[in-house]
Every structure is written in structure tokens, then in C-alpha cells.
Amino acid sequence: MFWQTGPRMKRTMIIIGAFALCLLAGGLGLSLYRYATTPSGTADITAIVWIKPGQSFSETVTQLREAGLVRHPKKFRWLAYLKGDERRIRAGEYVLQGSMPPLAILGTLVRGKGLLHKVVIPEGSTIFNIGQILERAGLVLQEPFLKAASDPGLTKALGVGDDTFEGYLFPETYHFAKGVTAQEVIEKMVAQFRSVFTPAWAERARTMGRTVHEVVTLASIVEKETGKPEERPVIAAVFLNRLKRGMRLESDPTVIYGIQDFDGNLTRKDLQISTPYNTYQIAGLPTGPIANPGRASMEAVLYPSQEPYLYFVSKNDGSHHFSLTLSEHMRMVRRYQLHR
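Student: Can you lay out helix 10 (residues 212–225) for me, pointing to particular residues and giving the numbers?
Tutor: For helix 10, with 14 residues, the first-to-last C-alpha span of 20 Å sits near the 20 Å given by 1.5 Å per residue. The buried count for helix 10 comes to 11 of 14 residues, which makes it a mostly enclosed element. Along helix 10, the residues classified as buried are His213, Val215, Val216, Thr217, Leu218, Ala219, Ser220, Ile221, Val222, Glu223 and Glu225.

Below, the structure is given as C-alpha cells:
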């Protein structure tokens, strides 16, 4: 009898085995689905997790487990493998909560929407100042930033006609992720500069007989000389008037920029130091910008006031007195600076 029922029995066993496998697969699938959609950490956990560039998936899972976000690492790995996400996780800094199910954690890491750090670069900042700001923010160390910001190869690659990015790192509020490189920061700031300094501005510079580099250089001086925004076009006019007459600019901030380790006290001796930036000694503009000017200072140079002034002196309240003649200027210097 057995040999007669053998084939039927075999078919029955195959059907039963297949059914059992389906049940097992369904059970495992249901279990994995419940795991994927159920928070595995405690609701009050909030962790900042930094996934470093080149970090392995295994290291990432260990990091998440140690942060209390993943309680079943093997299931998390299976979930990632089934979704094909184990190689798609992006480097970055992420804020993750224990209330997030594993599926949501994986999605966040794959989308790469990590934590961004706000960085404010004030108008008139030098590349040295910017390096300090980035280092304080914990994003980029100052030394590698300054090296990149003074790399002639990089300036050439980004189309900046100088050996340094001074003047072309537009002062703005930026948001950078942890792990950003000095070059990435520079690329973003130069791109922002180009979005502000439009082709229309470049054409305006050309009609003035100035290059973009000359406009940025003069704007950086205006930025450093101006205490009140409304005075920018007038101060720009003074410098442009002096340039037209072949007069030296005689701007203190240019002298200061050319002095290494300036101690904060500008002396007559400093004015005699010969540098490419000392406008008491050289004719015309310095060799390049002395800071990174904002939009208003560049616009002031491109569209200065029509005042004929040739001199100005600080009134010690953030404003200046403007003069047409040297004799008037010297009287104002005695009044405001020498208090005579």
C-alpha cells in the first residue's frame, strides 16, 4: 500500500512544508514589521549622533545601540539589509529621539537631513576672523581653513583672481553640518559672493573703469572705515575722488592689515612701514582686499554719492566730518582728535 500512496504523500509533505515556510516567513515578516514600526528606545531619550565619513554600517549600529536608540542590533541590521540601506547612510550629525521607530531612524540617516550649525560671519571679517568663528563653532580648525583660504591653486580653480580669498567670502548667516571641510565652506561663501555681485554689477564696474577686484578691494576699505551705514556712499566718494586726483588713500585700516601681530595701537612709526597695503606709502589701491565687505559697501563703491569731499575724520561717535580742503580737514582733526 505504501508504494501506492508514496507520490501522494510526497506531494502532501511538499505542500505542508511550503505552507509551514509561508507561515514562518509571514511570522518573521510580521515580527520584523512590528520591530521596524515600534520605538525601541525610551521616549525621553534625545541623542546627537555623528556619523563620520567612511564609517562602517556595523560601527553605526553600535553607535545607535550605545545611544539607547536601538535595542535589537541584529533586527536593525536585517531591516537595513532588506531595504538596501546599509550602504546608503550618509555622514552627518543627527538629532535622534528614542520615540523614533527603527524605520524612521534609518530614513533619517539615509536622507541625510542632519543637524546644521548656524554660523554668522559679520561684515568686515577677515579670513583670520572667519577661521576663528568656524573653530569656535566646532566645524573647521582655523589653521587648515587659513591654509585653504590662501591656496592659489584653489583660488584659480574657483575663478578668484588673487592668491587669497580675502574679499570674496561673503559675510552672511550660514548653516553647516559637522564634518564640513574648509574647501566646502569656502565654495559656499564664494558662491554666495557671486550671487550678490551680479553681472550687472560687473558691468557697472567696467563702465567706471574698474575691475571687480578693484571694486571689492575698495569696498573692503569702506567697510572698515564706516561706522554708520548711511555714510558708506560718501566715504566711497571720498576715496574715489582721491584716486581720480592721484592722491594717496591714507587709510588706517589698510596699514593695520599689513602689520603682522598688530597690537591695537597704531603709531606714526607704523605709518612709515612699507607694505603692499600701506596706503600712506603706496599710490592707488592696496594689492587686494583687507576684509570681506558686505553688500552695502560694494554697492556704495559702485554707486557712490556725488559729493566732492576729499577728506574725513572721525567724530568719535561713529560718524565722520567730511571736508573739501586740507585746511578745513586739519581744523576738524584738531577739534575731534586732538581736542584743541
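Student: Before we move on, can you summarise a nonpolar patch on the surface with the specific residues and values?
Tutor: A cluster of nonpolar side chains, Trp78, Tyr81 and Leu82, forms an exposed patch at the surface whose accessible area comes to about 390 Å². Summarising the element assignment, Trp78 is placed in helix 3 (residues 73–83).

Student: Give me the lowdown on the packing of aromatic side chains, citing residues and values where you can.
Tutor: What characterises a pair of aromatic rings is the spacing of the ring centres plus the angle enclosed by the ring planes. Overall, the coordinates contain 10 aromatic pairs when judged by the stated rule. Measuring from ring centre to ring centre gives 6.4 Å for Phe57 and Phe76, while their planes differ by 15 degrees; the resulting arrangement is stacked. Separated by 19 residues along the polypeptide, Phe57 in helix 2 (residues 57–66) and Phe76 in helix 3 bring together distant segments of the chain. Like Phe76, Phe57 is buried.

Student: Hey, could you go over the nonpolar core for me, with residue numbers and the actual values?
Tutor: Residues Phe145, Leu169, Ile186 and Met298 are the most contacted members of the largest nonpolar core, which totals 53 residues. Every residue in contact with Ile186, bar those within four places of it in the chain, is listed here: Phe145, Ala148, Ala149, Leu154, Leu158, Phe165 and Leu169. Residues Ala47, Phe57, Leu64 and Leu109 belong to the second largest nonpolar core, which totals 21 residues.

Student: Quick one: what's the story with the environment of Thr42, residue by residue and with numbers?
Tutor: With respect to the helices and strands, Thr42 occurs in the loop between helix 1 (2–37) and strand 1 (46–51). Judged by relative accessible area, Thr42 falls into the partly exposed class, the value being 44%. Separated by 57 residues in sequence, Thr42 and Ser99 place their C-alpha atoms 6.3 Å apart. The residues contacting Thr42, other than those within four sequence positions of it, are Gly98 and Ser99.

Student: Explain a positive patch on the surface residue by residue, including any values.
Tutor: A surface patch of like charges, here positive, comprises Lys228, Lys315, Arg331, Arg334 and Arg335. Structurally, Arg331 can be placed in helix 15 (residues 326–336). Overall, the relative accessible area of 44% leaves Arg331 in the partly exposed class.

Cut-offs used in this document
- Residues numbered from 1 in each chain as written.
- Predicted model: local features only at pLDDT ≥ 70, side-chain atom pairs only at ≥ 80, totals over all residues.
- Heavy atoms only, no water.
- Helix = DSSP H or I, 4+ residues; strand = E, 2+ residues; numbered from the N terminus.
- Expected span 1.5 Å × (residues − 1).
- Buried < 20%, exposed > 50% of the residue type's maximum accessible area, 1.4 Å probe, protein only.
- Patch = residues over 30% accessible without salt bridge, like charges linked within 9 Å, V, L, I, M, F, W, Y side chains within 5 Å.
- Areas by Shrake-Rupley, 256 points an atom, 1.4 Å probe, with all protein chains shown as cover.
- Salt bridge = Lys/Arg side-chain N within 4 Å of Asp/Glu carboxyl O.
- Phe/Tyr/Trp six-rings, centres within 6.5 Å; stacked < 30°, edge-to-face > 60°.
- Core = buried A, V, L, I, M, F, W, Y, C linked by side-chain atoms within 4.5 Å.
- Contact = heavy atoms within 4.5 Å.
- Lys, Arg positive; Asp, Glu negative; His and termini not counted.
- Charge placed at Lys NZ, Arg CZ, Asp CG, Glu CD.

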